[in-house]
Amino acid sequence: MIAAGPIGIVGGTFDPIHAGHLNMAREALRQLGLERVLLIPAGAPWQRIPQASAQDRLSMTLAAVNHSNILRVDDREVRRASPTYTIDTLLELRSEYGTQRPLWLILGADTFLNLPTWRRWQELLLHAHIAVACRPGYSLTDGNMAPSLKRELVQRGTSAAQVRGPAGAIVTLDIPPMEVSSTDIRAAIAEHRPAGDLLPPPVLDYIESHQLYQTGGS
Ligand code: ATP
């Protein structure tokens with residue numbers, strides 16, 4: 001008997017959180033039969049400097065899910081003083097959920113292709129499955145994948161229905177590509193172009209009331 005269902009994990013800078021993140025989380029819930037998805041804003045991401053503060057990015061993520069029990073915000077990386085490494089978060093979650101609970105790390109294709117630059121990336125698959133959502137401009141089939149990642153994909157790639165056990169599989173989610181990024185949203189706001197279609201209304205309200213992204217950034 002399965003005591004408890006699989007847990008999804010969507011980490012991100014969420015600068016700001018947008019429709020692409022939420023669509024990926026909801027589709028993963030449905031396609032992987034997850035019990036819930038944890039949205040984990042990065043506190044101090046080690047590969048970039050966010051434009052909004054960690055506290056604002058956390059607040060926007062909370063506003064986006066509006067007390068949902070299924071999409072839950074986990075603030076552990078914002079509370080962590082040191083730079084954010086996913087392997088540390090995953091090890092914490094694995095010890096909290098026990099060895100048998102399936103954990104799913106949910107990534108956009110751009111992030112998946114970047115995995116070989118992550119600290120101890122191959123260990124991630126010892127503790128979680130990986131689900132990949134397609135993203136316009138990023139393909140998992142052309143020649144732009146690091147050979148080490150390609151080997152993992154060939155060995156571990158499967159369909160959601162075939163996955164057994166708590167960790168170790170790689171599955172591609174069947175999601176229509178969504179042309180939205182935090183970069184585009186920040187630029188739209190700085191240039192006073194409409195961005196409301198790409199953001200949950202409470203996130204747009206938060207951005208406006210806190211005057212975030214008024215000046216262009218990276
Ligand atoms: P930025 O434009 O600032 O780089 P972003 O839009 O890529 O931000 P992140 O917070 O860096 O957002 O992404 C968090 C996770 O969500 C990553 O795994 C990323 O690949 C994924 N993601 C973001 N936008 C999309 C999208 N439109 N479709 C699929 N995955 C996405």
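All residue numbers refer to position in the chain's written sequence, counted from 1. Selection of residues for local features in this predicted model requires a pLDDT of at least 70, selection of side-chain atom pairs for listing and counting requires 80 or more, and totals for whole chains, interfaces and linings are taken over all residues. Calculation of side-chain values draws on the structure's entire complement of heavy atoms; hydrogens and water are dropped beforehand.

Novice: I'm lost on the site of the ligand in this one. Help?
Specialist: When we say a residue is near a molecule or strand, we mean one of its heavy atoms is within 4 Å of it. With respect to spatial proximity, 21 residues lie near the ligand, and among them Arg48, Asp110, Arg135, Ser182 and Thr183 are the closest. For the purposes of these results, a polar contact is taken to be a pair of N or O atoms within 3.5 Å, where, inside protein, one atom must be able to donate a hydrogen and its partner to accept one; residues adjacent in sequence count only when each atom of the pair is a side-chain atom. Residue Met178 places a main-chain N or O atom 3.0 Å away from a nitrogen atom belonging to the ligand. Separating a nitrogen atom of the ligand from a backbone N or O atom of Val180 is a distance of 3.0 Å. Within the complex, 91% of the 600 Å² of free accessible area of the ligand lies under protein. Sorting the residues of the shell around the ligand by element identifies strand 1 (7-12), helix 1 (19-32), strand 4 (103-108), helix 5 (109-114) and helix 8 (182-190) as the ones contributing at least two each. Of the residues that constitute the shell around the ligand, the class distribution is six nonpolar, eleven polar and four charged. Here the accessible surface of atoms and residues is derived via Shrake-Rupley with a 1.4 Å probe, and residues count as covered only by protein chains that are part of the display. Secondary structure is summarised from DSSP: a helix means a run of H or I of at least four residues, a strand means a run of E of at least two, and numbering begins at the N terminus for each. When residues are sorted by character, Ala, Val, Leu, Ile, Met, Phe, Trp, Tyr, Cys and Pro go into the nonpolar class, Asp, Glu, Lys and Arg into the charged class, and all the rest, Gly among them, into the polar class.

Novice: I would appreciate a short explanation of the pattern of salt bridges in the present structure.
Specialist: Opposite charge on two side chains permits them to pair, given that their charged atoms come into close proximity. In the sections that follow, a salt bridge refers to a side-chain nitrogen of Lys or Arg positioned within 4 Å of a carboxyl oxygen of Asp or Glu. What the rule picks out here adds up to 14 salt bridges. Linking Glu35 and Arg101 is a salt bridge whose minimum nitrogen-to-oxygen distance equals 3.2 Å. Here Arg101 lies in the loop between helix 4 (86-97) and strand 4 and Glu35 lies in the loop between helix 1 and strand 2 (36-41), a separation of 66 residues in the sequence. Overall, the relative accessible area of 35% leaves Glu35 in the partly exposed class. A salt bridge links Asp110 to Arg135; its shortest N-O distance comes to 3.0 Å. Here Arg135 lies in the loop between strand 5 (129-133) and helix 7 (147-156) and Asp110 lies in helix 5, a separation of 25 residues in the sequence. Counted as one network, the salt bridges with shared partners bring together Asp74, Arg76, Arg80, Glu92 and Glu96. For every residue, the accessible area obtained with a 1.4 Å probe (protein chains only) is divided by the maximum for its type, and the residue is called buried under 20%, exposed over 50%, and partly exposed between those limits.

Novice: Just checking my understanding: could you explain helix 7 for this structure?
Specialist: Residues that lie three or four places apart on an α-helix share one face, since the helix turns once every 3.6 residues. Every buried residue of helix 7 is listed here: Leu149, Glu152 and Leu153. For helix 7, the angular spread of the buried residues around the axis is 100°, confining them to a single face. For helix 7, exposure combined with an orientation more than 90 degrees from the buried face picks out Pro147, Arg151, Val154 and Gln155. Contacts between residues were defined by any pair of non-hydrogen atoms, one from each residue, lying within 4.5 Å. On its buried face, helix 7 sits against helix 5, helix 6 (121-127), strand 6 (157-158) and strand 7 (170-172). In this description, one arc is meant: the one made by directions from the helix axis to the C-beta atoms.

Novice: I keep staring at the nonpolar core and nothing clicks. Help me out?
Specialist: Grouped burial of nonpolar side chains is what soluble globular proteins tend to show. The definition of a nonpolar core used throughout is a set of buried Ala, Val, Leu, Ile, Met, Phe, Trp, Tyr and Cys residues joined through side-chain atoms within 4.5 Å. Counting 37 residues, the largest nonpolar core has Val37, Leu39 and Ile106 as the members making the most contacts within it. Of all the secondary-structure elements, those providing two or more residues to this core are helix 1, strand 2, helix 2 (54-65), strand 4, strand 5, helix 8 and helix 9 (201-209). The element best represented in this core is helix 1, accounting for six residues. Residues contacting Val37, with those up to four places away along its chain left out, are Gly8, Val10, Ala25, Leu29, Ile70, Leu71, Arg72 and Ile106. Of all hydrophobic cores here, the second largest spans 27 residues; its members include Ile9, Ile40, Tyr97 and Trp121.

Novice: Any chance you could explain helix 1 here in plain terms?
Specialist: An ideal rise of 1.5 Å per residue puts 20 Å on 14 residues; helix 1 measures up with 19 Å between its terminal C-alpha atoms. Buried residues of helix 1: Gly20, His21, Leu22, Met24, Ala25, Glu27, Ala28, Leu29 and Leu32, and no others. Looking at the residues trailing helix 1, positive phi occurs at Gly33, about 60°. Expected span of a helix: the number of residues minus one, times 1.5 Å.

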